[in-house]
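Coordinate inspection notes
Each chain, written out:
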Amino acid sequence: WAQELKNLGIKDLNKEKAEVLLFVGCTYGLSQELKPTILNIAKILKQNKVDFGILGDKELCCGSPPDKIGLLDEFERLATANIKRFNELGISTLITPCAGCYGTIRVEYDELPVKKQFEVLHVSEYLDRLVADKKINYQREVPLTVTWHDPCHMGRMGRPYVPGKDLEGVYDEPRRILKSIPGVELVEMERIREYAWCCGGGGGAFTGFKDFAQWTARERLTEAKDTGADILVTSCPWCESNLRAGGIGMDEKMEIRNLFDLMMQAL
């Protein structure tokens, strides 16, 4: 993916400067199935003349997997190295499409002694700003009825604790993007936002307890199908992978799409 992005003329921040770092994350970066999403995000950013770049094969893991299974020393090693590296880059904003990376860098890095000197946004938050500024120019209609799955790490785990403030996670931004796409109709599931049912892929369940992870995914897929939607849209590589795995063997298949792939279809 890194070489393909460089072939598109995307900056290598190991050698150049940019305002924005696109932090891909291990799950998107190492999955052939999910790689097209990264290319689409880069194309959308480039179309809108965003000054951004990547770290390519010099990108470290965000530290979420060791953190979630209790390897806290390894999490601190990775997170500290990342914060120092990102600060040295001189970026103003880090954006990531991975919900797990987002929740980790946005919230959990704040517990460490080394402090971030940049803003952290999920790609949907960043693109929502471009939509609001009328910089996204769609070229075609996408006549689909869709439902949105709230990833845990964008929602419940994507909000830092600030005394005296009840901060929300990333709930409204992806919904506004979906509503901005010509032809798309958004219908909601019964459990949404902070009450959304987990996909079943997080917390090590996908790796250690596959039967439980697939059962959880099937519960969510059934809820999605009950809305009458054509497809389920989300923006988390774990949610995408586990929901697809959960659908194996179900009588009625439901297509799983990434938010940014749907945007690219309209662009």
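Residues numbered from 1 in each chain as written. Predicted model: local features only at pLDDT ≥ 70, side-chain atom pairs only at ≥ 80, totals over all residues. Heavy atoms only, no water.

Points about the pattern of salt bridges
Scanning the model with the defined rule gives 19 salt bridges in all. As a salt-bridge pair, Lys-68 and Glu-108 come within 3.1 Å of each other at their nearest N and O atoms. Of this pair, Lys-68 sits in helix H4 (residues 64–68) while Glu-108 sits in the loop between helix H6 (99–106) and strand E5 (119–122); the two residues are 40 residues apart in sequence, bridging distant segments of the chain. Lys-68 gets classed as partly exposed once you look at its relative accessible area, which sits at 28%. (Salt bridge = Lys/Arg side-chain N within 4 Å of Asp/Glu carboxyl O. Helix = DSSP H or I, 4+ residues; strand = E, 2+ residues; numbered from the N terminus. Buried < 20%, exposed > 50% of the residue type's maximum accessible area, 1.4 Å probe, protein only.)

Structural notes on the packing of aromatic side chains
Tallied over the full model, the rule gives six aromatic pairs. Centre to centre, the rings of Phe-75 and Tyr-109 are 6.2 Å apart; their planes meet at 55 degrees, and the pair counts as tilted. Placement of Phe-75 in helix H5 (residues 72–89) and of Tyr-109 in the loop between H6 and E5 is noted, with a sequence separation of 34 residues between them. With relative accessibility at 6%, the residue Phe-75 sits in the buried group. Here Tyr-109 falls in the buried class, since its relative accessible area comes to 0%. Plain terms: the ring middles of Phe-206 and Trp-238 are 5.8 Å apart, the flat faces sit at 75 degrees to each other, and that makes the pair edge-to-face. Of the two residues, Phe-206 sits in helix H9 (residues 205–208) while Trp-238 sits in helix H11 (residues 237–246), which places them 32 residues apart along the sequence. A connected cluster of aromatic rings, assembled from ring pairs, spans Phe-23, Phe-86 and Phe-118. (Phe/Tyr/Trp six-rings, centres within 6.5 Å; stacked < 30°, edge-to-face > 60°.)

Concerning the pairing of strand E6 (residues 144–148)
Buried residues dominate E6, accounting for five of its five residues. By the bridge criterion, three bridges tie E6 to strand E7 (residues 184–186) in an arrangement that is parallel. By the bridge assignment, Thr-145 is partnered in E7 with Glu-185. Pairing geometry for E6 and strand E8 (residues 231–234), over three bridges, is parallel. Residue pairing across strands places Val-146 opposite Ile-231, the latter belonging to E8. (Pairing = 2+ DSSP bridges.)

Focus: the sheet that holds strand E3 (residues 52–54)
Pairing within the open sheet is parallel, and its five strands lie in the order E1-E3-E2-E4-E5. Unpaired on one side and paired on the other, strand E1 (11–12) and E5 mark the two borders of the sheet. With two bridges connecting them, E1 and E3 associate as parallel partners. In the strand pairing of E3, Lys-11 is matched with Gly-53. Taken strand by strand, helix H7 (residues 123–132) contacts strand E2 (20–22), strand E4 (93–96) and E5, and its axis lies near 85 degrees from that of E5. (Contact = heavy atoms within 4.5 Å. Axes fitted to C-alpha atoms, helices over the stretch in contact; angles between N-to-C directions.)

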